[in-house]
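# Structural overview for review
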Amino acid sequence: MSLVKIQGERWFPLENSFQSEMPSLWGNWYCDSEIGKLHAVLLRRPGKEIETVTQTNFSQFRWKAPMNVEKARAEHDKLADVYRSHGVNVHYVEEVHADRPNSLFMRDQVFMTPEGAIVCRLGISARRGEERFAAKALGELGVPIIKTINGEGIFDGACGMWIDRETVLIGTGSRANKSGAAQVEAELRNLGVKYIVPFEIPYGHAHLDGLINIADRKIAALFPWQVPYDVVKVLLERDFTIIEATNTDEIKTNACVNFVALEPGKVVMPANCPEMRAKLEDAGVTVIEVDVTEILKGWGAIHCMTAFLNRDPV
């Protein structure tokens, strides 16, 4: 009669944190601010999908007008060149739905965190499904996807904004509902975020980055008439200098606060915003301009086009 020896488990799990293992197992993917030195971004160069927008259907995509296709691509290429010239690795979403011309606005599809990407669920039907191809590109790069907004939730990535490692603005409105915001908040708190600052996005606006942005460690630019008092109070309590964008044509037409910080105190911003540029430079911020006149016809600019994948911690 033989005896059966039952070995059973004789090991214990490795309890290293996810973040400590990311560089070796996944790669260098991190974001906890709007201003840490930028190392990698995800873009979508406008493809054939923007050719489907015409004089008769542009409004269904929430555009101002059809774009000149070649000019839009040239503007996008110029922005990518600026990123590369500052040491930023530019990655692209290569595949999209043929009828989703807003796919170039990558910020709305991805909200990056210190441990990976939150893949969003876009608010308007004309964009729903873009997220699939953002997720595909992230997977191919090796960027961890820590959450996909699901259930009844909707959340565009531009409805979230890092203030510092412990503080995040979460906007709700036409592009982010309470369910979507709650899902994002739960993930952020799991990552150690202590302060979630609610921002009710006014009727007529889609995202935070049309109203507020961070230019340096302690410098914020914002549209004072439509940013809630409680949001500004949080910034002042953290010793921020507030730069007020008061030229309504610059903020509404030329997207003067829709810039991207390349590093603390250096931003790439839309051209044709001389008042805002002067205010930023007076505050010690270095400004690089890129003309995005054609792309603005889609109601988006530089920040809208850019999904951050890796920034230095701040």
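For the rest of this paragraph, the subject is the sheet that holds strand β10 (residues 219–222). Taken together, 3 strands build an open sheet; the order of strands is β9-β10-β11 and the sheet is mixed. At either end of the open sheet lies a strand with only one pairing partner, and these are β9 (212–216) and β11 (241–244). Taken pair by pair, the neighbouring strands of this sheet meet at an average axis angle of 30°, ignoring direction. The sheet contact formed by β10 and β11 spans 4 bridges and is parallel. By the bridge assignment for β11, A221 is matched with I243. Against the sheet, helix α7 (residues 274–282) makes contact with β9, β10 and β11, and its axis sits at roughly 160° relative to β11, the strand it touches most.

Further remarks concern the pairing of strand β3 (residues 110–113). What you see with β3 is no split at all: V110 and M112 on one side and F111 and T113 on the other are buried throughout. Here 4 bridges tie β3 to strand β4 (residues 116–119), and the two strands are oriented antiparallel to one another. By the bridge assignment, F111 is partnered in β4 with I118.

Ranked by internal contacts, the top residues of the largest apolar core, which has 104 residues, are Y83, I212, M276 and L280. Of all the elements, helix α2 (residues 69–85) adds the most residues to this core, at 6 residues. Setting aside anything within four residues of it in sequence, one finds L280 in contact with A215, I243, F259, V267, M269, V285 and V287.

Our focus in this paragraph is the layout of surface pockets. By volume, the largest pocket amounts to about 700 Å³. Lining the largest pocket are 29 residues, with G204, H205, A206, H207 and W299 positioned closest to its centre. Class assignment of the residues belonging to the lining of the largest pocket gives a composition of 12 nonpolar, 10 polar and 7 charged.

Tracing the backbone shows R311 in strand β15 (residues 307–311). Notably, R311 is buried but unbridged: the nearest opposite-charge side chain belongs to E34, and the N-O separation is 5.0 Å. Within the structure, the side chain of R311 is placed 3.1 Å from the backbone oxygen of E34, a separation counted as a polar contact. Looking at R311, its side chain comes within polar contact range of the main-chain oxygen of A261, at 2.9 Å.

On the surface, F18, L25 and W26 cluster together to form a nonpolar patch covering roughly 310 Å² of accessible area. Relative to the helices and strands, W26 is located in the loop between α1 (18–25) and β1 (38–43). Judged by relative accessible area, which is 39%, W26 ranks as partly exposed.

What follows concerns the sheet that holds strand β8 (residues 195–200). Overall, mixed pairing links the 3 strands, which are arranged β6-β7-β8 in an open sheet. Whereas interior strands pair on both sides, the edge strands pair on one side only; in this sheet they are β6 (160–164) and β8. In this sheet, neighbouring strand axes are inclined to one another by 25° on average, regardless of whether the strands run parallel or antiparallel. Pairing geometry for β6 and strand β7 (residues 167–172), over 4 bridges, is antiparallel.

Attention now moves to the environment of Y30. With respect to the helices and strands, the residue Y30 is situated in the loop between α1 and β1. Taking the C-alpha atoms as reference points, Y30 and R175, 145 residues apart in sequence, are found 25 Å from one another. The residues contacting Y30, other than those within four sequence positions of it, are Q19, M112, T113, P114, R165, L309, N310, R311 and P313. Within polar-contact distance, the side chain of Y30 engages the side chain of D32 at 2.8 Å.

For the rest of this paragraph, the subject is the side chain of K147. In this structure, K147 sits in strand β5 (residues 145–148). No salt bridge is formed by the buried K147; the nearest opposite charge belongs to E187, separated by 5.3 Å. Of note is the side chain of K147, whose polar atom sits 3.4 Å from the side chain of Q183. Once you skip the residues sitting within four places of it in the chain, K147 turns out to touch A117, I118, V119, Q183 and E187.

Reading the values: rules and limits
- Residues numbered from 1 in each chain as written.
- Predicted model: local features only at pLDDT ≥ 70, side-chain atom pairs only at ≥ 80, totals over all residues.
- Heavy atoms only, no water.
- Pairing = 2+ DSSP bridges.
- Helix = DSSP H or I, 4+ residues; strand = E, 2+ residues; numbered from the N terminus.
- Axes fitted to C-alpha atoms, helices over the stretch in contact; angles between N-to-C directions.
- Contact = heavy atoms within 4.5 Å.
- Buried < 20%, exposed > 50% of the residue type's maximum accessible area, 1.4 Å probe, protein only.
- Core = buried A, V, L, I, M, F, W, Y, C linked by side-chain atoms within 4.5 Å.
- 1 Å grid on protein atoms, 1.4 Å probe; cavity = no way out; pocket = protein on both sides within 12 Å on 5 of 7 lines; lining within 4 Å.
- Points joined across faces, edges and corners; volume = space filled by probe spheres on them.
- Nonpolar A, V, L, I, M, F, W, Y, C, P; charged D, E, K, R; others polar.
- Lys, Arg positive; Asp, Glu negative; His and termini not counted.
- Salt bridge = Lys/Arg side-chain N within 4 Å of Asp/Glu carboxyl O.
- Polar contact = N/O pair within 3.5 Å; in protein donor to acceptor, adjacent residues only side chain to side chain.
- Patch = residues over 30% accessible without salt bridge, like charges linked within 9 Å, V, L, I, M, F, W, Y side chains within 5 Å.
- Areas by Shrake-Rupley, 256 points an atom, 1.4 Å probe, with all protein chains shown as cover.

So far we have only geometry, and geometry alone does not tell us how the molecule works.
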